[in-house]
Amino acid sequence: MHNILVTGGAGYIGSHTCVELLNSEYNIVVIDNYKNSWEESLKSVQKITGRIFKYYECDIKDSEKLEAIFKKHKINAVIHFAGLKSVAQSNIFPLDYYLNNVWGTINLCRIMKKFFVKKIVFSSSATVYGDSPEIPFKEDTKKGKLSSVYGKTKLMVEEILRDIKKSDNEWSISILRYFNPVGAHESGLIGENPKGIPNNLMPFISQVAADILPELTIFSDDYETPDGTCIRDYIHVVDLAKGHILALNKILINNTFDVYNLGSGVGHSVLELVSAFEKACLTTVKYKIGPRRSGDLPMLYADTTKAKKELCFCASSDIEKMCKDTFNWQNKNKSKYYKK
Ligand code: NAD
Ligand code: UFG
């Protein structure tokens, strides 16, 4: 049985992927510095799967600790989620983002190389396409201008991984560009737990519906889209997690360098998401229309042909299921939203 090191495994996408890894009979070792998560989510992963695994409080920048973990466990591959992810914060604290996301990944790869672990799945983002007008985005779409340091860190890491592969063909690498992950595990035991007031749409909607926040501000309805609000490609986090298993299976068998879009391939506007949430959860979401948020693109969604063809990837959950599972998690974990 393969041993997979999951960095950032206590986080939102990481914890859901840990569940899928354990359900697919992989062994896992998790590291996280809990900067944006809690150890509790790993206990929930154990509860959901009925499987025990080792996890460590460890920063990917901490070479000594990381080496000790590689020494202790025979790791076969790494799924690398650890990173800071706030678009707005990245522009305020660029050094923190470059240090954590870029240098952290370099450090991880150096240690992987030292221990002859040359297989990695990396969490990238649709943000690397920047403001490219070629919608839907294909993996080889010419990239536009990037407006955030966060996006630049993702693109830099993609380039670093590409160069590593060029220099040493033993590496097997899968870069996954996520679109907009939403939803939660059906159990309601793990989900997205943003610190403070959420930046992203779905957690904001669900906190309004749960009476934690008074009202949603929709960032403008004057875009050139059918209802004037922005269109995004929402994907259920469990579908996304399953995509990682497919990518992992491939890098373990083949010696490869791949880039895949992981989205649903369908675009939904902000207003569509609000009304889907109301319908699916039998609730109301109070909202007002506000000004545009700087840097928002009117429309983006994925062309998922490549992932479908090469990985047999299929995002099966619809928008209703995404809303239901989000609200279920929200209602079961209300108090957690006030922590930290
Ligand atoms: P998250 O913040 O919930 O998870 C990231 C985890 O990494 C957290 O548990 C955090 O504590 C940990 N971490 C951060 N820096 C670390 C470090 N130096 N050492 C060890 N652990 C560290 O975020 P998420 O939504 O689960 O995202 C996972 C990955 O996917 C990130 O790399 C993110 O940039 C990327 N991504 C997320 C989205 C999204 O919308 N959620 C979209 C595209 C890409
Ligand atoms: N929105 C609102 N009100 C809010 C929050 C969001 O109207 O309170 C709107 C935004 O203007 C946007 C849409 O909802 O049109 C989605 O916004 P999110 O912040 O949820 O998501 P983004 O598409 O802006 O960005 C997300 C992640 C990025 C990632 C990107 C990839 O936050 O990290 O998806 O597609 F890079």
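Residues numbered from 1 in each chain as written. Chains lettered and ligands numbered in written order. Predicted model: local features only at pLDDT ≥ 70, side-chain atom pairs only at ≥ 80, totals over all residues. Heavy atoms only, no water.

Visitor: Please clarify how helix α7 (residues 201-209) should be interpreted in this entry.
Guide: Because each turn of an α-helix spans 3.6 residues, side chains separated by three or four positions end up pointing in the same direction. Along α7, nine of the nine residues are buried, which leaves the element largely enclosed by surrounding structure. Listed as buried for α7 are Leu201, Met202, Pro203, Phe204, Ile205, Ser206, Gln207, Val208 and Ala209. Following α7 by one or two positions, aspartate 211 has its phi on the positive side, about 65°. (Buried < 20%, exposed > 50% of the residue type's maximum accessible area, 1.4 Å probe, protein only. Helix = DSSP H or I, 4+ residues; strand = E, 2+ residues; numbered from the N terminus.)

Visitor: What is the right way to read the packing of helix α1 (residues 12-23) against helix α8 (residues 237-253) from this model?
Guide: Axes are the key here: two packed helices are described by the angle between their axes and the distance separating the axes. Running from N to C, α1 and α8 point in directions that differ by 60°, and their axes come no closer than 8 Å. By the angle between their axes, α1 is oblique relative to α8. In the crossing of α1 with α8, the sense of the turn from one axis to the other is right-handed. Contact with α1, carried on its side by Tyr12, Ile13, His16, Thr17, Glu20 and Leu21, involves Val237, Val238, Leu240, Ala241, Lys242, His244, Ile245 and Leu248 of α8 and no other residues of that element. (Axes fitted to C-alpha atoms, helices over the stretch in contact; angles between N-to-C directions. Parallel < 35°, antiparallel > 145°, perpendicular 65-115°, else oblique. Left-handed = near helix turned anticlockwise from the far one by under 90°. Contact = heavy atoms within 4.5 Å.)

Visitor: Mind showing me how you'd approach the packing of aromatic side chains here?
Guide: One pass over the full model with this rule turns up six aromatic pairs. Through pairs of rings, three or more aromatic residues link up here, namely Tyr129, Phe137 and Phe179. Directly above the aromatic system of tyrosine 223 lies the positively charged group of arginine 292, at a separation of 3.9 Å from the ring centroid. In this arrangement the basic side chain of lysine 306 is found over the ring face of tyrosine 260, its NZ or CZ atom lying 4.9 Å from the centre. (Phe/Tyr/Trp six-rings, centres within 6.5 Å; stacked < 30°, edge-to-face > 60°. Lys NZ or Arg CZ within 6 Å of the ring centre and 35° of its normal.)

Visitor: What is the right way to look at the nonpolar core in this model?
Guide: In globular proteins that are soluble, nonpolar side chains generally tend to be buried together. If you look at the biggest cluster of nonpolar residues, it comprises 37 residues, and the most contacted ones within it are Ile4, Val6, Leu21, Ile28 and Leu248. Top element by residues in this core is α8. It accounts for eight residues. Residues contacting isoleucine 4, with those up to four places away along its chain left out, are Leu21, Tyr26, Asn27, Ile28, Val29, Ala77, Ile79 and Leu248. Listed in part, the 27 residues of the second largest apolar core include Val182, Ile205, Ala210 and Ile319. (Core = buried A, V, L, I, M, F, W, Y, C linked by side-chain atoms within 4.5 Å.)

Visitor: Teacher, can you tell me more about the state of the cysteines here?
Guide: Simply put, disulfide is the name for a covalent bond between the sulfur atoms of two cysteines. The full count for this structure, using the stated rule, is zero disulfides. The thiol of cysteine 58 is unpaired, and the distance to the nearest cysteine sulfur, on cysteine 109, comes to 14 Å. Taking the relative accessible area as the measure of exposure, cysteine 58 reaches 4% and is therefore buried. Of all cysteine sulfurs in the structure, the one in cysteine 323 sits closest to cysteine 281, which takes part in no disulfide; the separation is 5.7 Å. (Disulfide = S-S within 2.5 Å.)

Visitor: I keep staring at the sheet that holds strand β5 (residues 119-125) and nothing clicks. Help me out?
Guide: Strand-to-strand pairing in sheets goes through backbone hydrogen bonds, with the strands running parallel or antiparallel. Strands sit in the order β3-β2-β1-β4-β5-β6-β11 across an open sheet of seven strands; the sheet is parallel. One side of each edge strand has no neighbouring strand; the edge strands of this open sheet are β3 (54-57) and β11 (257-262). Here the average twist between neighbouring strands, direction ignored, is 15°. Of the pairings in the sheet, the one linking strand β2 (residues 27-32) to β3 comprises four bridges and is parallel in character. Residue valine 30 lies in a different strand from β3, and its bridge partner there is tyrosine 55. In the packing of helix α3 (residues 63-72) onto the sheet, the strands contacted are β1 (3-7), β2, β3 and β4 (77-80), and the crossing angle to β3 comes to about 170°. (Pairing = 2+ DSSP bridges.)

Visitor: Teacher, can you tell me more about the site of ligand 2 here?
Guide: Taken together, 21 residues form the shell around ligand 2, and within it Ser125, Asn200, Leu201, Arg232 and Asp296 come nearest. A distance of 2.8 Å is found between an oxygen atom of ligand 2 and a side-chain nitrogen or oxygen belonging to asparagine 200. Between aspartate 296 and ligand 2, the recorded distance is 2.5 Å, taken from a side-chain N or O atom to an oxygen atom. When ligand 2 sits alone it has 690 Å² of accessible area, and the protein chains cover 89% of it. Sorting the residues of the shell around ligand 2 by element identifies α7 and β8 (216-219) as the ones contributing at least two each. Of all the elements, β8 adds the most residues to the shell around ligand 2, at four residues. (Near = heavy atom within 4 Å. Polar contact = N/O pair within 3.5 Å; in protein donor to acceptor, adjacent residues only side chain to side chain. Areas by Shrake-Rupley, 256 points an atom, 1.4 Å probe, with all protein chains shown as cover.)

Visitor: I tried to follow the pattern of salt bridges on my own but got confused; where do I start?
Guide: Following the criterion strictly, the structure yields 19 salt bridges and no others. Among the ionic pairs, lysine 43 bridges to glutamate 39, the shortest N-O distance being 3.6 Å. Of the charged contacts in the structure, one is a salt bridge between aspartate 168 and lysine 118, with a shortest N-O distance of 2.7 Å. Of this pair, aspartate 168 sits in the loop between α6 (149-167) and β6 (172-178) while lysine 118 is found in the loop between α5 (94-114) and β5, placing the two residues 50 residues apart along the sequence. Across this residue pair, the class does not change: aspartate 168 and lysine 118 are buried. Here the salt bridges share partners, and the residues they tie into one network are Lys118, Asp168 and Glu170. (Salt bridge = Lys/Arg side-chain N within 4 Å of Asp/Glu carboxyl O.)

Visitor: What is the right way to read the packing of α3 against α5 from this model?
Guide: For the pair α3 and α5, the least separation of the axes is 10 Å and the interaxial angle reads 35°. Here the hand of the crossing between α3 and α5 comes out right-handed. Counted together, Ser63, Leu66, Glu67 and Phe70 of α3 and Asn107, Leu108, Ile111, Met112 and Lys114 of α5 form the full contact between these two elements. Among the residues forming the contact of α3 with α5, the class breakdown is five nonpolar, two polar and two charged. (Nonpolar A, V, L, I, M, F, W, Y, C, P; charged D, E, K, R; others polar.)

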